[in-house]
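Fold and contact review
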Amino acid sequence: MEQRAKVFVTRRIPAAGIDKIRQACNADIWPDPLPPPREELLRRVAGCHGIVTLLTDRVDAELMDAAGPQLKVISNFAVGYNNIDVAEATRRGIRVGNTPGVLTEATADMAFALLIAAARRLGEAQQYVRDGKWKTWEPEGHIGMDLVGKTLGVVGMGRIGYALARRCHFGWQMRVLYFDRVRNEEAEKQLGAERVEWERLLGESDFISVHADLNESTRGMFNADAFRKMKPTAVFVNTARGPLHVQQDLYEALKNRQIFAAGLDVTDPEPLPPDDPLLELPNVIVVPHIASATVSSRNGMAEIAADNLLLGLAGKPLRCPVN
Ligand code: GLV
C-alpha cells in the first residue's frame, strides 16, 4: 500500500479544506481553539512532509529542523506570511503557499466598516446606549466626520487596497491617493488614483488605510512622526498587520487628538490584552483580526490551503506559491 504523507494542521480549518487533506494524508489536526504551544508544535511536526500553518504559528529554521529534511511544503492559511521565514524555506527547497484573492472583498469590506465606524464614532455611541446615557436627541452630540468627497490615502495599492479604493471612489466620490513601491496603473486609470510621496499622503488624506505587507521596510511605518503629519481630523485604519503601526505612538496620537480616530482589525500585540490603555480611549474601535471571517473567504482559504499542501506533497507547483 502506498505510504500516505504525514501532515500536521495547526488548527481546525473549514471542511472545504480539511476533508481533502484527511482523504489524501495521514493528518494530525490540532483540536484546540488556541494555537499549539511552541514545544507541542515542534513535537507534532517531527517527521511531517507537509504542514498547514496559521499566522499565529512562527515558522522558522528551528521548526523546519524539528520537522526534518523530508518536509516539502508549508501551506499558510492566510494571505500574509510574515510568520514564515520564507528565505530559509527556499534555501531548504521547501515550498511555501498562501491564500490570496478569496479574502480581498471581505477584507476591503472590513476596512470600510472600520473607516465608517471610526469616522462616525459608532464604538463610543454604542457604549453610550449600553451605559444608559441616552437621554435625548442631542443637536451637538456624537458629531463625526463626513465621507462623501473626501480624500482616501491607501498605503499598499494591491488587491485589497484597490478594492477599498473602488468602494470609496465609486460609492463616496472620494479622491484616491496612494503610496506604494510600484505603480498601480489600473487604480490610476479606473479610479483616478494618484501615486504620491509619503509626506503628501499623510498631509492630504482624510482617511488613511494600510494594506501593506509586514516586512522590515514597512514595520513601524506609522510612528509618531507619521501621526504628527496627519490631519487632526484624520481617521487611521489598519486591517493588515499590527506592527505596521507603533502602537504606543498611535495611542498618544489618539489620546492627544493629533488624529481624530482609528479603526483596527489588527493590533500589536495580538491578542490585545483587555487592560491595554488603547481600549480606554473612546476614539478607537478594535475588532479581533476578523477581516477575512466570511463564509466564502474562509471556505476559499481552506480550499487553497489544502490544494497548496497536496500539490506541494506531490512535488508540483502550488496553486498560490510564495516562493
Ligand atoms: C489574515 O490576516 C491573512 O493574512 O490572511
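Rules and cut-offs
Residues numbered from 1 in each chain as written. Predicted model: local features only at pLDDT ≥ 70, side-chain atom pairs only at ≥ 80, totals over all residues. Heavy atoms only, no water. 1 Å grid on protein atoms, 1.4 Å probe; cavity = no way out; pocket = protein on both sides within 12 Å on 5 of 7 lines; lining within 4 Å. Points joined across faces, edges and corners; volume = space filled by probe spheres on them. Helix = DSSP H or I, 4+ residues; strand = E, 2+ residues; numbered from the N terminus. Nonpolar A, V, L, I, M, F, W, Y, C, P; charged D, E, K, R; others polar. Buried < 20%, exposed > 50% of the residue type's maximum accessible area, 1.4 Å probe, protein only. Pairing = 2+ DSSP bridges. Right-handed = clockwise from strand over helix to strand, strands pointing away. Phe/Tyr/Trp six-rings, centres within 6.5 Å; stacked < 30°, edge-to-face > 60°.

Section: the layout of surface pockets
- A volume near 250 Å³ is recorded for the second largest pocket.
- The wall of the second largest pocket is formed by Leu122, Gly123, Glu124, Gln126, Gln127, Arg130, Leu279, Leu281, Pro282, Val284, Ile285 and Val286.
- Looking at the lining of the second largest pocket element by element, the count peaks at 6 residues for helix α6 (residues 122-130).
- Of the residues that constitute the lining of the second largest pocket, the class distribution is 7 nonpolar, 3 polar and 2 charged.

Some points on the pairing of strand β6 (residues 151-155)
- Among the 5 residues in β6, 5 count as buried, and that is most of the element.
- What you see with β6 is no split at all: Thr151, Gly153 and Val155 on one side and Leu152 and Val154 on the other are buried throughout.
- When β6 meets strand β7 (residues 175-179), the two strands line up parallel, connected through 5 bridges. By the bridge assignment for β7, valine 154 is matched with tyrosine 178.
- After leaving β6, the chain enters helix α7 (residues 159-172) and then returns to the sheet as β7, a path that is right-handed.
- Pairing geometry for β6 and strand β9 (residues 207-210), over 4 bridges, is parallel. Each residue of the ladder has a partner; that of valine 154, found in β9, is serine 209.

Regarding empty space enclosed by the protein
- Tallied over the full model, the rule gives 1 cavity of 30 Å³ or more.
- What the largest cavity holds in volume is close to 80 Å³.
- Along the walls of the largest cavity sit 13 residues, with Ala118, Arg121, Glu124, Pro282 and Asn283 positioned nearest its centre.
- For the lining of the largest cavity, the elements supplying multiple residues, two or more each, are α5 (104-119), α6 and β12 (284-286).
- Looking at which element gives the most residues to the lining of the largest cavity, the answer is α6, with 3 residues.

Notes on the packing of aromatic side chains
- Scanning the entire structure with this criterion turns up 6 aromatic pairs.
- Centroid distance phenylalanine 222 to phenylalanine 227: 6.2 Å. Interplanar angle 35 degrees. Geometry classified as tilted. Taken as a pair, phenylalanine 222 and phenylalanine 227 share a single burial class, namely buried.
- What links up through ring pairs into an aromatic cluster is the set Phe179, Trp198, Phe222, Phe227 and Phe236.

Keep in mind that these numbers describe shape and distance, not what the molecule does.
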